[in-house]
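# Fold and geometry: a report
If you want the building blocks of each chain, they are given just below.
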Amino acid sequence: MKLTRIALLVMTALCLALPASVFAKPVTINWWHAMRSARGEVVAKMIEEFNASQSDYKVVGTFKGNYDETMNAGVAAFRAKKQPHILQVFEVGTQTMMLSGAVYPVFELMKDTGYDIDWSRYLQAVLSYYMNADGNLVSMPFNSSTPIMYYNVDMFKKAGIAPLSKTEPVTWDELGEITKKLVQAGIAPAGMVTAWQSWTQIENYSAIHNTPFASKANGYEGLDCELEINNPMVVKHITRLKSWADDKRFMYGGQKYQGPKSEFIAQNAAIYIDSISGIAKLKKAVKDFKWDAAPLPIEAGTTPQNSIIGGASLWVLNGHTKEEYKGVAAFLKFLASNEMQEFWHKETGYFPITIDAYESLKAKGYYDSDPLQEVGISQLNRAIPTKISRGLRLGYFVQIRNIINEELEMVWNGKKSPQKALDDATARSNAQLKTFAKTYK
Amino acid sequence: MIKRSFFKSRYLPYLLILPQILVTLTFFYWPAIQGIIQSFLLSDPFGRKSTFVWFYNYIELFTDPLYLKSILITFIFSLATAAVSISLGLFIASMANRALKAKALVRTMLIWPYAVAPAISGIMWLFLLHPSYGIVAIAIKKSMGVDWNPVLYGTDAMIMIVMASAWKEVSYNFVFFVAGMQAVPKSLIEAAAIDGAGPFRRFWTITLPLLSPTFFFLMVMNIIYSFFETFGIIHTVTQGGPGGSTNILVYKVYQDGFVGLNLGSSSAQSVVLMSLIIIITFLQFKFVEKKVQYSG
């Protein structure tokens with residue numbers, strides 16, 4: 001009896017010791033991400049492929065909750081010196097990450113580990129969002145999207161409106177006519193509805209018309225920047241939307257849960273502005289009408305710039321060994337490969353981050369069979385990003401978006417004039433920016 | 001005769017409460033002190049840079065008119081929630097305290113809502129009162145022509161979250177009121193009945209005064225509940241909107257601290273919140289408790 005027990009103990013000890021000694025080879029690389037359900041499965045598949053493709057490294061992906069939660073987990077882990085190698089952070093956290101001193105910039109990582117990457121073969125509007133002031137890439141773009149305009153084809157047909165072009169944007173004046181027709185004929189209860197109003201109606205509106213959102217090249221060139229959204233152009237745009245709200249051409253559908261998307265799906269609104277990642281969801285959810293997509297509207301007589309992206313990027317964190325960083329670099333390179341990018345783009349609707357992946361899909365005729373997927377890409381690629389249209393680099397950006405949301409809601413419910421609301425949003429945001437700059441002084 | 005056990009060792013009682021003290025120290029005092037320290041600092045989320053800034057965070061807070069509005073909103077919200085849930089709880093309890101068949105079943109059913117998570121309660125009320133897909137909202141719009149829209153109008157949103165929060169707390173109040181009513185001596189009620197007092201008068205002059213300790217306790221509990229535990233409801237239903245009209249203090253702390261990573265301001269807000277609760281509880285004990293009778 002006693003002997004068997006000892007034998008058992010020895011066996012167990014051996015079993016435990018074995019993997020450590022014999023299979024110690026693959027270096028583990030931890031990746032914390034915020035990709036849930038369908039997108040999470042796609043991520044898991046990419047990791048699986050990478051692990052199967054070589055035997056030196058083993059990537060372990062961990063879902064850490066939504067974007068806020070993932071970033072918080074990363075921050076807490078870094079403070080406890082238990083940080084992962086790769087952390088997925090949403091675009092509004094970019095400035096905080098860049099200033100954190102916790103990051104191994106991607107361009108350095110690639111150089112140090114001997115990867116020669118031609119960054120010019122990446123989608124520039126995506127890449128430039130994550131560049132530092134010197135034009136070097138700090139984090140690896142991963143899931144990037146941009147807003148486009150969805151519309152209810154059946155309602156358009158009923159009102160006798162021609163389908164919209166997938167490359168040439170309509171003007172806001174034309175959209176006004178379209179929504180008027182739809183509402184006055186009683187075809188749609190409301191004309192348009194928009195998700196993420198700060199992102200779609202102010203950030204992207206400004207970028208497309210090459211109007212600064214904030215000073216210092218939208219914050220890229222210094223922390224002492226200030227918001228400039230109370231300019232005549234944005235005020236005019238918001239005033240127009242308010243007048244549309246009054247005659248039902250625009251309907252405020254609330255924030256996330258309260259769902260502008262559900263208004264579109266329930267056919268309460270004929271036009272819906274949201275991220276390209278909405279394509280996949282609409283394909284699943286809409287059963288009883290036909291819909292299509294078009295680029296965001298522009299002002300008459302202007303040449304539109306690229307739109308701004310949203311989404312998240314991958315940050316490599318400090319404090320690991322050289323060996324591990326080699327694996328990180330290999331993995332990032334792998335993610336950027338044509339095969340992975342095509343897969344990612346097809347499955348999720350997010351952009352392929354390289355021009356090669358896009359062109360290869362094009363050559364295969366993917367966009368002929370699924371032209372919707374190209375609307376966002378051509379909107380993003382229609383111009384070389386300027387200093388103003390490349391993106392936003394603001395501290396406390398989450399709070400700033402909240403402030404803008406609050407102030408816009410006061411416009412929609414008639415408590416404030418557009419000018420007053422945008423003045424207040426600017427002043428309140430500037431107070432936040434001042435505090436942020438003070439923190440990093 | 002109640003049998004009391006006692007311990008000879010002088011240290012044993014201390015040893016026995018030690019775990020509780022440790023828990024309180026680690027999970028309350030230590031974070032509270034950390035919060036107070038943090039509120040005087042401006043620091044980046046990664047903790048690599050901290051500057052001592054005296055009262056900067058507090059000054060920024062109190063010069064922000066919206067923060068003062070948020071305090072006001074919190075008071076309106078918690079008073080409304082407490083008033084609705086306590087009066088409903090009392091009403092239902094007095095009904096359930098009568099001679100009912102299947103008393104136990106009725107009471108158990110009435111307690112259930114308390115077990116529902118705040119977030120679920122919020123979503124449920126959203127399905128009732130959302131202007132586009134809320135069953136009740138659509139019904140009142142059609143039948144009465146009321147332009148009910150909590151997505152757009154602050155007052156409507158406030159009414160919605162008060163209902164969602166109060167609904168959950170009614171059960172809690174109900175349990176305590178029923179227990180309190182059970183403790184009212186039958187002889188008093190019967191004597192009053194013989195003297196010719198009607199049911200309402202009996203309730204008003206006998207039951208209610210005897211319930212006042214319960215009342216007071218529930219007042220404190222309900223206010224603390226609406227200050228802190230309604231977070232899930234706000235988060236799922238309004239997210240502080242529209243236009244910040246339902247942005248109660250605890251939600252703002254979360255928004256600025258957890259989502260926005262502005263640790264200094266969020267800590268200052270927590271300190272303000274903590275002070276408010278201390279003041280409220282103190283005032284309640286000092287003034288309200290005097291009027292509470294603990295003996296029949």
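Criteria and cut-off values
Residues numbered from 1 in each chain as written. Chains lettered and ligands numbered in written order. Predicted model: local features only at pLDDT ≥ 70, side-chain atom pairs only at ≥ 80, totals over all residues. Heavy atoms only, no water. Helix = DSSP H or I, 4+ residues; strand = E, 2+ residues; numbered from the N terminus. Rg over C-alpha atoms; globule rule 2.2 N^0.38 Å. Buried < 20%, exposed > 50% of the residue type's maximum accessible area, 1.4 Å probe, protein only. Contact = heavy atoms within 4.5 Å. Areas by Shrake-Rupley, 256 points an atom, 1.4 Å probe, with all protein chains shown as cover. Core = buried A, V, L, I, M, F, W, Y, C linked by side-chain atoms within 4.5 Å. Salt bridge = Lys/Arg side-chain N within 4 Å of Asp/Glu carboxyl O. Pairing = 2+ DSSP bridges. Axes fitted to C-alpha atoms, helices over the stretch in contact; angles between N-to-C directions. Phe/Tyr/Trp six-rings, centres within 6.5 Å; stacked < 30°, edge-to-face > 60°. Arc of directions from axis to C-beta. Buried area = accessible area lost by both parts, 1.4 Å probe. Nonpolar A, V, L, I, M, F, W, Y, C, P; charged D, E, K, R; others polar. Parallel < 35°, antiparallel > 145°, perpendicular 65-115°, else oblique. Polar contact = N/O pair within 3.5 Å; in protein donor to acceptor, adjacent residues only side chain to side chain.

Once that is clear, we can look at the overall build of chain A. In terms of helices and strands, chain A carries 20 helices and ten strands. Against the globule reference of 22 Å for 441 residues, chain A gives a C-alpha radius of gyration of 24 Å, in line with a compact fold. The dimensions of chain A, computed from C-alpha atoms along their principal axes, are 90 × 50 × 45 Å. The proportion of buried residues among the 441 residues of chain A is 60%. Considering only contacts in chain A between residues 6 or more positions apart, those separated by 24 or more positions represent 79%. When the accessible surface of chain A is summed, it comes to about 18000 Å², and 56% of that surface belongs to carbon and sulfur atoms.

So, on to the nonpolar core. Core analysis: the largest hydrophobic core is formed by 182 residues, its most contacted members being Trp31, Leu182, Phe213 and Leu332 of chain A. With residues near it in sequence (within four places) discarded, leucine 182 of chain A still touches Met155, Phe156, Ala159, Ile161, Ile187, Ala188 and Ala270 of chain A.

This part is about the pattern of salt bridges. Scanning the entire structure with this criterion turns up 20 salt bridges over all chains. Each of Glu406, Glu407, Lys416, Lys420, Asp424 and Arg428 of chain A takes part in salt bridges that share partners, so that together they form one network.

Right, let's talk about the pairing of strand 10 (residues 310-316) of chain A for a bit. In regular strands, side chains alternate between the two faces of the sheet. All names here are of chain A. Burial runs high along strand 10: seven of the seven residues are buried. Across the two faces of strand 10 the burial is the same, with Gly310, Ala312, Leu314 and Val316 and Gly311, Ser313 and Trp315 all buried. Here strand 3 (residues 86-90) runs beside strand 10; their pairing, made up of five bridges, is antiparallel. Its bridge partner lying in strand 10, isoleucine 86 is registered against valine 316. As judged from the five bridges shared by strand 4 (residues 140-145) and strand 10, these two strands associate in the antiparallel manner. Paired with serine 145 across the two strands is glycine 310, which belongs to strand 10.

Here we come to the sheet that holds strand 9 (residues 291-294) of chain A. All names here are of chain A. The mixed open sheet is built from five strands, whose spatial order is 7-6-8-5-9. Two strands lie at the open edges of the sheet, namely strand 7 (250-251) and strand 9, each paired on one side alone. Here strand 5 (residues 147-152) pairs with strand 8 (residues 269-275) via five bridges, running antiparallel. Within the sheet, the bridge partner assigned to methionine 149 lies in strand 8 and is isoleucine 273. Contacts from helix 13 (residues 278-285) reach strand 5, strand 8 and strand 9 within the one sheet, and its direction differs from that of strand 5 by about 20°.

Let us look at the sheet that holds strand 2 (residues 57-63) of chain A. Residues and elements named next belong to chain A. Taking strand neighbours across the sheet as the criterion, the five strands line up as 2-1-3-10-4 in an open arrangement whose pairing is mixed. Single-partner strands in this sheet number two, and they are strand 2 and strand 4. Averaged over all neighbouring strand pairs, the angle between strand axes comes to 20°, with direction disregarded. Pairing between strand 1 (residues 27-33) and strand 2: seven bridges, direction parallel. Within the sheet, the bridge partner assigned to valine 27 lies in strand 2 and is tyrosine 57. Most of the contacts of helix 2 (residues 37-53) go to strand 2, to which it runs at about 170°, and overall it touches strand 1, strand 2 and strand 4.

What follows concerns the packing of aromatic side chains. Throughout the structure, instances matching the rule amount to 43 aromatic pairs over all chains. Aromatic pair tyrosine 150 of chain A and tryptophan 291 of chain A: ring centres 5.8 Å apart, planes at 65°, arrangement edge-to-face. In this pair, tyrosine 150 of chain A sits in strand 5 while tryptophan 291 of chain A sits in strand 9, placing the two residues 141 residues apart along the sequence. Comparing tyrosine 150 of chain A with tryptophan 291 of chain A shows no difference in burial state: the two are buried. Judged by centre distance (5.6 Å) and plane angle (85°), the ring pair of phenylalanine 62 of chain B and tyrosine 67 of chain B falls under edge-to-face.

Residue and element names in this part refer to chain A. Residues of helix 13 that are buried include every one of Gly278, Ile279 and Leu282, and no others. The buried residues of helix 13 occupy one face: seen down the axis, they fall within an arc of 100°. Structurally, helix 13 contributes buried residues whose contacts are with strand 5, helix 12 (260-265), strand 8, strand 9 and helix 18 (372-381).

With that settled, the discussion passes to the interface of chain A and chain B. The interface is formed by 41 residues belonging to chain A together with 40 residues belonging to chain B. Buried surface at the junction of chain A and chain B, summed over both partners, amounts to about 3600 Å²; 55% is from carbon and sulfur atoms. The interface formed by chain A and chain B contains one salt bridge. Across the salt bridge formed by glutamate 60 of chain B and lysine 434 of chain A, the nearest N and O atoms sit 3.8 Å from each other. Secondary-structure elements contributing two or more residues to the side of chain A that touches chain B are helix 3 (67-79), helix 4 (94-99), helix 12, helix 19 (397-412) and helix 20 (418-439) of chain A. Residue composition of the side of chain A that touches chain B, by class: 14 nonpolar, 16 polar and eleven charged.

Residue and element names in this part refer to chain A. Because side chains alternate across strand 9, one face comprises the buried residues Trp291 and Ala293, and the other comprises Asp292 and Ala294, equally buried. Where strand 5 meets strand 9, four bridges bridge the pair, whose relative direction is antiparallel. Looking at strand 9, one finds that tyrosine 150 is bridged to alanine 293.

Glancing now at unusual backbone geometry. With the exception of glycine, most residues fall at negative phi, and the peptide bonds are largely trans. With an omega of -10°, the peptide bond running from glycine 241 of chain B to proline 242 of chain B counts as cis. Along the chain, proline 242 of chain B turns up in the loop between helix 10 (231-237) and helix 11 (249-259).

Now for the packing of helix 9 (residues 199-229) of chain B against helix 12 (residues 263-288) of chain B. Residues and elements named next belong to chain B. Running from N to C, helix 9 and helix 12 point in directions that differ by 170°, and their axes come no closer than 11 Å. Considering the angle they form, helix 9 stands roughly antiparallel to helix 12. Taking contact as the criterion, the partners of Phe216, Met219, Val220, Ile223, Ile224, Phe227 and Phe228 in helix 9 are, on helix 12, Leu273, Leu276, Ile277, Ile280, Thr281, Gln284, Phe285 and Val288. Considered class by class, the residues forming the contact of helix 9 with helix 12 number 13 nonpolar, two polar and no charged.

Looking at the element boundaries, lysine 416 of chain A is found in the loop between helix 19 and helix 20. A distance of 2.8 Å separates polar atoms of two side chains, one belonging to lysine 416 of chain A and the other to glutamate 407 of chain A.

Where helix 3 of chain A contacts helix 11 of chain B, the two axes come as close as 10 Å, and the packing angle between them is 55°. Compared by their axis directions, helix 3 of chain A and helix 11 of chain B come out oblique. Two secondary-structure elements touch here, helix 3 of chain A through Asp68, Glu69 and Asn72 of chain A and helix 11 of chain B through Tyr254, Phe258 and Val259 of chain B. Looking at side-chain class alone, the contact of helix 3 of chain A with helix 11 of chain B contains three nonpolar, one polar and two charged residues.

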